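Chain residues, written in single-letter form:
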Amino acid sequence: MMEMQESPRTPVVMAQLSWFFGIATIVKLLLIPSYHSTDLEVHRHWLAITHSLPLSQWYTDETSEWTLDYPPFFAYLERFLSMFAHLIDPQIVHLHHGLNYKANSAIYFQRMSVIVSDLFLLYGVYRSTLALASLKRNLIWLLVIWSPGLLIVDHLHFQYNGFLFGWLLLSLSFLAQGRDVMGGFLFAVLLCFKHLFAVAAPVYFVYLLRHYCRGGLVRGFARLSVMGAIVVAVFAAAYGPFVYHGQIQQVIRRMFPFGRGLCHAYWAPNFWVFYIMLDKGIAFLLRKFGFNIPAPVASFTGGLVGDASPFAILPRVTPLTTFIMVLLALSPCLFRTWKDPRPRLIVRSVAYAYTCGFLFGWHVHEKASLHFSIPLAIVAVEMASHANEANKSSWCFQP
Amino acid sequence: MKKKGEMKKVKKVKDKVNDGQDDDPWWWLVQEGIRPSFLCISLFALLVRVAVGLHPYSGARTPPKFGDYEAQRHWMEITLNLPPKDWYRNSSVNDLSYWGLDYPPLTAYQSYVHGVFLKTFDPDSVALFTSRGYESYLGKLLMRWTVLSSDVLIFFPAVLYFVLVYRSMRFGMGQNSDVAWHIAMILLNPCLILIDHGHFQYNCISLGLTIAAIAAALSQKDLVASVLYCLALNHKQMSAYFAPAFFGYLLGKCLRKKNPLLEVTKLGLMVIGTFAVVWWPYLQSKDAALAVLSRLAPFERGIYEDYVANFWCTSSVLVKWKKLYSTQSLRIFSLAATLITCLPSMVQQILAPSSKGFLYALLNTSFSFYLFSFQVHEKSILLPLLPLTLLALEESRSILWLTHFAMFSMFPLLHRDKLVLAYMALYALFILVYFAPCGPSGRCHGTKTLDNTQKTKRSVDFITSITFHPLLMGFLGLCSLILHVIYLTMHPPNKYPFLFEAVIMLICFSQFVLFTFYFNSKQWMLSKHLTSKDKQKKLI
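Looking up chain B in an unreviewed UniProt entry gives the name Alpha-1,3-glucosyltransferase, with the organism given as Gossypium darwinii. Taken directly from UniProt, the Sequence similarities (unreviewed entry) text for chain B runs: "Belongs to the ALG6/ALG8 glucosyltransferase family." The UniProt entry for chain B carries this comment under Subcellular location (unreviewed entry): "Endoplasmic reticulum membrane".

Named according to an unreviewed UniProt entry, chain A is Alpha-1,3-glucosyltransferase originating from Gossypium barbadense. Annotation of chain A in UniProt includes, under Pathway (unreviewed entry), the sentence "Protein modification; protein glycosylation."

This is the structure in structure tokens:
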């Protein structure tokens with residue numbers, strides 16, 4: 001994509017985008033008294049943990065079943081929010097008295113915190129669409145700011161995805177402009193907020209290696225060091241205090257709970273569903289033909305039962321298997337990026353990466369579909385116009 | 001053949017996207033015509049209504065009397081379990097002092113239909129006697145669904161009908177996005193959504209039937225219009241606020257036709273026929289009919305209740321009407337005042353009926369009824385607000401200002417219902433939609449707003465200058481904002497426990513009176529402007 005020019009229409013764009021955001025905010029306000037899942041209590045408890053306990057006990061506390069399982073930056077965010085929560089109603093952040101606290105103050109505070117954090121999404125979309133024509137811009141705003149999936153997950157079910165996608169879109173917007181250092185830095189920060197976004201890390205790594213660290217051996221190596229140093233600095237800021245307390249093992253264990261099953265309680269529509277159905281189908285057929293197939297002991301959604309496999313016929317799937325499958329699925333994209341690292345294609349490459357992660361990942365939630373649908377919305381309009389161009393002429397993409 | 005046409009259409013969209021001119025940002029909403037954009041906006045309006053339905057209703061968890069929600073549920077219980085002749089009669093099974101039916105029979109029939117719906121899914125909610133004060137999650141969900149379905153089945157189609165007729169009336173003036181803005185102004189009217197889907201009522205049915213009647217009258221289908229309006233009257237007797245306007249307009253049109261007497265007779269027969277069909281169970285005896293009528297006009301409740309921004313309540317600060325005069329004489333006073341104030345508007349329509357004049361007449365008669373009628377509630381501001389939303393493109397400044405004061409006048413009621421969050425959200429939504437980018441009030445190309453399309457005489461200029469005086473508006477706007485905050489945060493002094501309500505009522509009343517003068521003068525100016533053109537072509 002071209003370098004961004006500071007268009008004189010910027011205030012107009014900001015005003016129009018704020019209008020879209022305002023309409024979405026009003027719907028979110030009206031949804032405050034609606035149903036919320038246990039995630040509200042989860043986040044409230046994290047407010048309590050980070051407020052009432054010292055840092056060394058954040059990842060070891062077992063007061064409630066909702067233990068902290070996001071990376072440290074998210075814990076710092078909860079600490080920041082808990083300061084305001086304490087001002088509004090101290091019981092929200094009380095470790096024991098706040099358990100299952102359902103008062104209006106807690107619900108309103110938490111709902112408002114999600115609504116305000118969506119400002120990050122606003123800024124991410126703003127940067128991603130500033131250089132576009134007004135019609136394309138409006139369509140993208142519709143798809144992202146008024147995204148029904150994001151609205152339902154964030155403002156009904158209760159999560160902070162808008163905030164996280166804001167960081168992702170910001171990082172992608174910088175990369176699309178060719179500003180690799182900022183893009184890489186923001187992605188590293190995002191990884192320390194929610195590690196689930198790491199599925200796109202191979203794409204980022206290959207892209208930055210080939211696009212940023214080029215220009216000869218010496219310069220390339222210097223740039224590699226710069227980028228490496230930035231990433232290490234970010235991770236140090238996040239995990240450093242926990243390494244100091246010797247808790248890094250515990251943190252990793254909390255962040256990657258592989259004790260859970262291959263599929264989430266409500267199956268996400270990914271590849272493993274077909275694998276499971278195939279397994280059950282073959283077992284059923286073979287039983288019909290008289291073979292003795294023992295029913296598996298373990299279940300797909302629960303934890304592992306010793307060494308038992310939940311599959312009747314087909315080979316067992318382990319976390320390592322899924323990891324390899326994801327990498328295999330990603331490989332065409334990685335090869336393409338290695339050969340031709342173009343800023344214009346980075347957004348769709350990252351969207352492709354999240355699609356692979358969704359299809360072949362371990363214990364994927366249905367919510368993960370947002371990870372590829374939101375970045376895809378950014379390029380959806382571009383793809384339509386690209387198809388038109390490709391039809392018209394054979395020389396297309398300018399560097 | 002069809003594939004080629006589709007290819008062309010897809011290419012057109014792609015070209016539009018690629019061209020990327022700084023055009024109307026709403027091209028994607030309006031490019032296919034009115035019906036698809038109406039569908040789009042009505043889906044959003046439906047979302048807003050569903051979201052407001054999540055909030056509390058009137059009388060939630062406040063025994064023993066509860067509120068309008070319980071009244072509607074009780075009517076479903078009565079109409080479901082008793083025969084029609086007992087619905088309006090006091091008996092051992094029907095205690096009229098506990099939310100007895102006080103709307104005409106069409107409301108009763110509608111309650112019966114909704115009662116059947118509720119009984120199918122939650123029989124406990126409409127069981128005779130035992131369901132009094134019944135409150136549950138499923139019950140609330142089903143009740144909210146009855147209002148939503150009435151809205152979608154009656155109000156939305158009526159608005160579409162009106163918008164199509166109105167557009168053809170304006171001879172293609174203005175941009176496509178203006179129509180979309182107009183639809184949004186009508187469908188996202190904050191007062192209607194808050195009362196129907198928050199407080200809990202069925203105004204959408206009577207107002208929807210009224211809008212359909214207006215549209216039919218404007219498209220020269222007078223008989224259909226009279227039937228629809230009679231149905232609206234039979235749903236809520238408050239629809240009579242519009243009666244003089246309908247009467248004046250239809251009579252004026254009849255007088256201009258070839259055989260006036262025949263036309264009037266036809267209309268009269270349709271009216272009588274509609275009433276006969278609706279009141280059929282109660283026409284068997286004089287007693288039955290009188291029983292219904294006495295429930296419809298509860299004069300014993302006094303000339304005003306609570307604090308409503310009309311003449312009697314506001315002037316009672318100085319003149320204690322209830323103490324000085326009997327109910328009988330107050331009835332005569334209010335009748336006289338109402339008739340006198342709506343007479344100019346009605347006469348204007350009889351003498352010179354016109355489409356735009358009809359809309360202004362609706363506005364004027366409903367305002368005069370609101371200000372001077374007997375037993376007016378705060379919710380009745382919905383009635384004058386309806387024709388104002390229909391005139392949104394002509395009166396873009398007035399609609400912003402008056403919606404603000406209509407909401408303000410209902411604020412104490414909504415605060416009692418704990419609907420403050422919904423109030424603020426819908427108010428903000430109204431402001432945002434009003435100032436939509438590149439809409440009629442947020443023009444980005446510098447074209448003229450539609451407010452000043454006609455040349456106004458000097459007298460109207462004078463009234464306009466007072467009504468829209470910047471300093472006055474600024475001062476009143478600031479006062480109302482401060483009063484919102486005061487009402488929410490402070491307690492009134494013990495000597496005057498209703499001080500804040502009284503002040504709110506005073507401010508709103510002043511604005512309503514001012515605008516009544518303004519709209520009446522506009523209606524008269526219209527006729528003077530039209531009579532010269534009228535001579536050449538029949539505008540009706």
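Having put the structure on the table, let's press on.
Asker: Explain the overall build of chain B residue by residue, including any values.
Answerer: Assigned secondary structure in chain B consists of 23 helices and 0 strands. Expressed as a percentage of the 540 residues in chain B, the buried residues total 54%. Pairs at least 24 apart in sequence give 78% of the contacts found in chain B among residues at least 6 apart.

Asker: Pulling in residues and values, what's your account of the packing of helix 9 (residues 203-218) of chain B against helix 18 (residues 382-390) of chain B?
Answerer: Residue and element names in this part refer to chain B. The interhelical angle for the contact between helix 9 and helix 18, taken along N-to-C directions, is 40°, at an axis separation of 11 Å. By the angle between their axes, helix 9 is oblique relative to helix 18. When you trace helix 9 past helix 18, the crossing you get is right-handed. Packed against helix 9, whose contacting residues are N203, L207, T210, I211 and I214, the element helix 18 presents L382, L383, L386 and L390 at the interface.

Asker: Could you give an account of the packing of helix 18 of chain B against helix 19 (residues 396-416) of chain B, naming the residues involved and the relevant values?
Answerer: Residue and element names in this part refer to chain B. Packing of helix 18 against helix 19 brings their axes to within 10 Å, and their N-to-C directions diverge by 160°. By the angle class used here, helix 18 and helix 19 are roughly antiparallel. The way helix 18 lies across helix 19 gives a crossing that is left-handed. Seen from helix 18, the contacting residues are L385, L388 and T389; seen from helix 19, they are S398, I399, L402, T403 and A406. Its residues assigned to classes, the contact of helix 18 with helix 19 shows 5 nonpolar, 3 polar and no charged.

Asker: Which residues make up the pattern of salt bridges, and what values do they have?
Answerer: Evaluation of the coordinates by the stated rule reveals 15 salt bridges over all chains. In this structure, K28 of chain A engages D118 of chain A in a salt bridge whose closest nitrogen and oxygen atoms are separated by 2.7 Å. One end of the pair, K28 of chain A, is in helix 1 (residues 10-30); the other, D118 of chain A, is in helix 4 (residues 104-129), and 90 residues separate them in sequence. The exposure class of D118 of chain A is buried, given its relative accessible area of 2%. Between K379 of chain B and D68 of chain B there is a salt bridge; the shortest N-O distance is 3.4 Å. Taken together, the residues span a long stretch of sequence, with K379 of chain B in the loop between helix 17 (355-372) and helix 18 and D68 of chain B in helix 4 (residues 68-81) at a distance of 311 residues.

Asker: So, a nonpolar patch on the surface: which residues are in play, and what are the values?
Answerer: Taken together, the side chains of V317, L318, V319, L324, Y325, I332 and F333 of chain B define a hydrophobic patch exposed on the protein surface, amounting to about 690 Å² of accessible area. Mapped onto the elements of the fold, Y325 of chain B is located in the loop between helix 15 (321-324) and helix 16 (327-351).

What counts and how
- Residues numbered from 1 in each chain as written.
- Chains lettered and ligands numbered in written order.
- Predicted model: local features only at pLDDT ≥ 70, side-chain atom pairs only at ≥ 80, totals over all residues.
- Heavy atoms only, no water.
- UniProt positions renumbered as here; feature names shortened; annotations may be inferred.
- Helix = DSSP H or I, 4+ residues; strand = E, 2+ residues; numbered from the N terminus.
- Buried < 20%, exposed > 50% of the residue type's maximum accessible area, 1.4 Å probe, protein only.
- Contact = heavy atoms within 4.5 Å.
- Axes fitted to C-alpha atoms, helices over the stretch in contact; angles between N-to-C directions.
- Parallel < 35°, antiparallel > 145°, perpendicular 65-115°, else oblique.
- Left-handed = near helix turned anticlockwise from the far one by under 90°.
- Nonpolar A, V, L, I, M, F, W, Y, C, P; charged D, E, K, R; others polar.
- Salt bridge = Lys/Arg side-chain N within 4 Å of Asp/Glu carboxyl O.
- Patch = residues over 30% accessible without salt bridge, like charges linked within 9 Å, V, L, I, M, F, W, Y side chains within 5 Å.
- Areas by Shrake-Rupley, 256 points an atom, 1.4 Å probe, with all protein chains shown as cover.

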